[in-house]
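# Overview (structure and organization)
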Amino acid sequence: MPVIFQRINEDHALRAAAIIVKAYIGPPWNEAWTLERATARMGELSTTPGWLGVGALENGALLGFAIGLPHTSAAGRGLYIPEIAVLPSHQGRGIGKQLLRFLEAEALSSGFSSAWLLSQSEGATAEYYKASGYNQATKLRIYSKPLKWSPESAR
Ligand SMILES: CC(C)(COP(=O)(O)OP(=O)(O)OC[C@H]1O[C@@H](n2cnc3c(N)ncnc32)[C@H](O)[C@@H]1OP(=O)(O)O)[C@@H](O)C(=O)NCCC(=O)NCCS
């Protein structure tokens, strides 16, 4: 059966939670997603106003997906891509590349002028984005902090 690329709805997005569980368990991420958390994540994304989701389907089964969210900045209407994943059994066959291309085409026709995302700084995932024409920012870093309860935080 041919692999078909199409826009996905909220039902598809929730089904894509199973792909997250399988795709992030190995290197470089080594993340132990439960299906419950992955479903919650996909629920967050697919209920965000203006979300744009695309999927790769074979015989009705979802093999991979990509999600974009609107992010307007001084530069214009940007598409932030918070999730893209392909089932490990189907990686390395060009599906990820075509998912990005399809998402970008859909974004362009919806009036977005750029796309951006956060990912690994090096390794196979970085090569994947570079191969699709994404350049790394040189000056930006991710800032994060665990949020813990303390008497000060209540004030
Ligand atoms: C990242 C991911 C979506 C790529 O999907 P994929 O279907 O395996 O990728 P493709 O087969 O379309 O590869 C596209 C290009 O990326 C590059 N690439 C892919 N895997 C690579 C690897 N292991 N090493 C080097 N380059 C690689 C190649 O340039 C490739 O093009 P080519 O085959 O014409 O040379 C997939 O590996 C995945 O789901 N990974 C786990 C989840 C994840 O990391 N998501 C992104 C989070 S930011």
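Residues numbered from 1 in each chain as written. Predicted model: local features only at pLDDT ≥ 70, side-chain atom pairs only at ≥ 80, totals over all residues.

## Notes on the overall build of the protein chain
Tallying secondary structure elements over the protein chain gives five helices and five strands in all. Reading the helices (α) and strands (β) of the protein chain from amino to carboxyl end gives β-α-α-α-β-β-β-α-β-α. Compactness check: the protein chain gives a C-alpha radius of gyration of 17 Å against a globular reference of 15 Å for 155 residues, within 12% of the reference. Within the protein chain, the fraction of its 155 residues that count as buried is 20%. Within the protein chain, contacts between residues at least 6 apart in sequence are counted, and of these 61% link residues at least 24 apart. (Helix = DSSP H or I, 4+ residues; strand = E, 2+ residues; numbered from the N terminus. Rg over C-alpha atoms; globule rule 2.2 N^0.38 Å. Buried ≥ 20, exposed ≤ 12 C-beta atoms within 10 Å, placed from the backbone. Contact = placed C-beta atoms within 7 Å.)

## Some thoughts on the site of the ligand
Close to the ligand lie 18 residues; Gln 91, Gly 96, Lys 97, Ala 124 and Ala 131 are nearest. For the shell around the ligand, the elements supplying multiple residues, two or more each, are strand 4 (76-86), helix 4 (95-109) and helix 5 (124-131). For the shell around the ligand, a count of residues per class yields nine nonpolar, six polar and three charged. (Near = placed C-beta within 6 Å. Nonpolar A, V, L, I, M, F, W, Y, C, P; charged D, E, K, R; others polar.)

## Brief notes about the pairing of strand 3 (residues 61-73)
Two faces make up the sheet, and in a regular strand the side chains alternate between them. Note: strand 2 (residues 52-58) against strand 3, seven bridges, orientation antiparallel. What sits directly across from Leu 52, in strand 3, is Gly 68. Between the antiparallel neighbours strand 2 and strand 3 lie two residues, among them Asn 59 with a positive phi of about 55 degrees. What sits between the antiparallel neighbours strand 3 and strand 4 is a turn of two residues. (Pairing = 2+ DSSP bridges.)

## Thoughts on the UniProt feature "domain: N-acetyltransferase" (unreviewed entry) in the protein chain
According to UniProt, the positions carrying the feature "domain: N-acetyltransferase" (unreviewed entry) are residues 3-152. Helix and strand shares over residues 3-152 are 32% and 25% respectively, and the end C-alpha atoms of the span are 54 Å apart. (UniProt positions renumbered as here; feature names shortened; annotations may be inferred.)

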